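Understanding the architecture of this molecule
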Amino acid sequence: MHGTIIVMAELLSDAEVEAALGSLPDWQRAGASITRTLKCPTFPAAIALVDRVAAAAESRNHHPDIDIRWRTLTFTCATHSMGGITDLDVGLAREIDRLAAED
Ligand SMILES: C[C@H](O)[C@H](O)[C@H]1CNC2=NC(N)=NC(=O)C2=N1
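So, here is what we can say about the structure in this document. Since this is a predicted model, take the numbers as computed values, not measurements.

1. Remarks on the overall build of the protein
Counting its secondary structure elements, the protein contains three helices and four strands. Going residue by residue from the N terminus, the α and β elements of the protein occur as α-β-β-α-β-β-α. Projecting the C-alpha coordinates of the protein onto the three principal axes gives extents of approximately 40 × 35 × 20 Å. Sequence-distant contacts, at least 24 apart, represent 66% of the contacts inside the protein between residues at least 6 apart. Within the structure as shown, the protein displays about 6300 Å² of accessible surface, and the carbon and sulfur contribution to it stands at 56%.

2. Comments concerning unusual backbone geometry
Of note in this structure, Asn61 is not a glycine but carries a positive phi near 50°. Here Asn61 lies in the loop between helix H2 (43-60) and strand E3 (65-69). Looking at Asn61, the relative accessible area reads 52%, which means it is exposed.

3. Notes on the site of the ligand
In the vicinity of the ligand, the contacting residues are Asn61, His62, His63, Ala78, Thr79, His80 and Ser81. Between the ligand and Asn61 there is a distance of 3.0 Å, counted from an oxygen atom to a side-chain nitrogen or oxygen. At 2.8 Å, a side-chain N or O of His63 approaches a nitrogen atom of the ligand. Protein coverage of the free-state accessible area of the ligand, which is 390 Å², stands at 65%. Each residue belonging to the shell around the ligand can be placed in one class, and the counts come to one nonpolar, six polar and no charged.

4. Observations concerning the nonpolar core
Residues Trp27, Ile34, Leu49, Leu73 and Phe75 are the most contacted members of the largest nonpolar core, which totals 25 residues. Counting only elements with at least two residues in this core, the list comes to helix H1 (14-21), strand E2 (33-39), H2, strand E4 (72-77) and helix H3 (87-101). Excluding residues within four positions of it along the chain, Leu73 makes contact with Arg36, Thr37, Leu38, Cys40, Ala46, Leu49, Val50, Asp67 and Ile68.

5. Focus: the environment of Ala45
By the element assignment, Ala45 lies in helix H2. Residues Ala45 and Leu21, spaced 24 residues apart in sequence, show a C-alpha to C-alpha distance of 26 Å.

About the thresholds
In this convention, every chain numbers its residues from 1, walking through the sequence in written order. In keeping with the predicted nature of the model, local features appear solely for residues at pLDDT of at least 70, side-chain atom pairs appear and are counted solely at 80 or more, and the whole-chain, interface and lining totals rest on all residues. Side-chain metrics in this entry use all non-hydrogen atoms of the structure; hydrogen atoms and water are not considered. Helix numbers and strand numbers start at the N terminus; a helix is a DSSP run of H or I with at least 4 residues, a strand a run of E with at least 2. The contact criterion used throughout is that any non-hydrogen atoms of two residues lie within 4.5 Å. Accessibility throughout is a Shrake-Rupley quantity obtained with a 1.4 Å probe, and a residue counts as covered only by protein chains that appear here. For every residue, the accessible area obtained with a 1.4 Å probe (protein chains only) is divided by the maximum for its type, and the residue is called buried under 20%, exposed over 50%, and partly exposed between those limits. Here, proximity means that at least one heavy atom of the residue falls within 4 Å of the molecule or strand. Side-chain atoms alone can form a polar contact between residues adjacent in sequence; in general such a contact is a pair of N or O atoms within 3.5 Å, and within protein one must be able to donate a hydrogen while the other accepts it. Basically, the charged four are Asp, Glu, Lys and Arg, the nonpolar ten are Ala, Val, Leu, Ile, Met, Phe, Trp, Tyr, Cys and Pro, and anything else, Gly included, counts as polar. For our purposes a nonpolar core is just a set of buried Ala, Val, Leu, Ile, Met, Phe, Trp, Tyr and Cys residues, chained together by side-chain atoms within 4.5 Å.

If you want it as structure tokens, here you go:
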């Protein structure tokens, strides 16, 4: 039997976001989201990273906004249903860091 799994997450306070960013040095707060820009060695490498992030996002049913400009990628994480930043975004940011470090 199939059903919809709804993951509830609470918005983080400003202090909680700052604390999380303390261990995510490549990430910045941008209003109601957190963001990281990185440059890959080549365009195919950038697309390969996007593909790995897409698979991870699908697995956790939490999806970043992704901006692709040649070999520069910007990942933006927000919990759209909550209108802000939750632990889901912090977890996704950590996974993006892990995948980006695999290159
Ligand atoms: C029903 C399902 O949980 C949602 O549509 C998901 C999918 N991925 C999502 N990703 C992000 N970043 N925010 C969401 O609110 C969100 N909602």
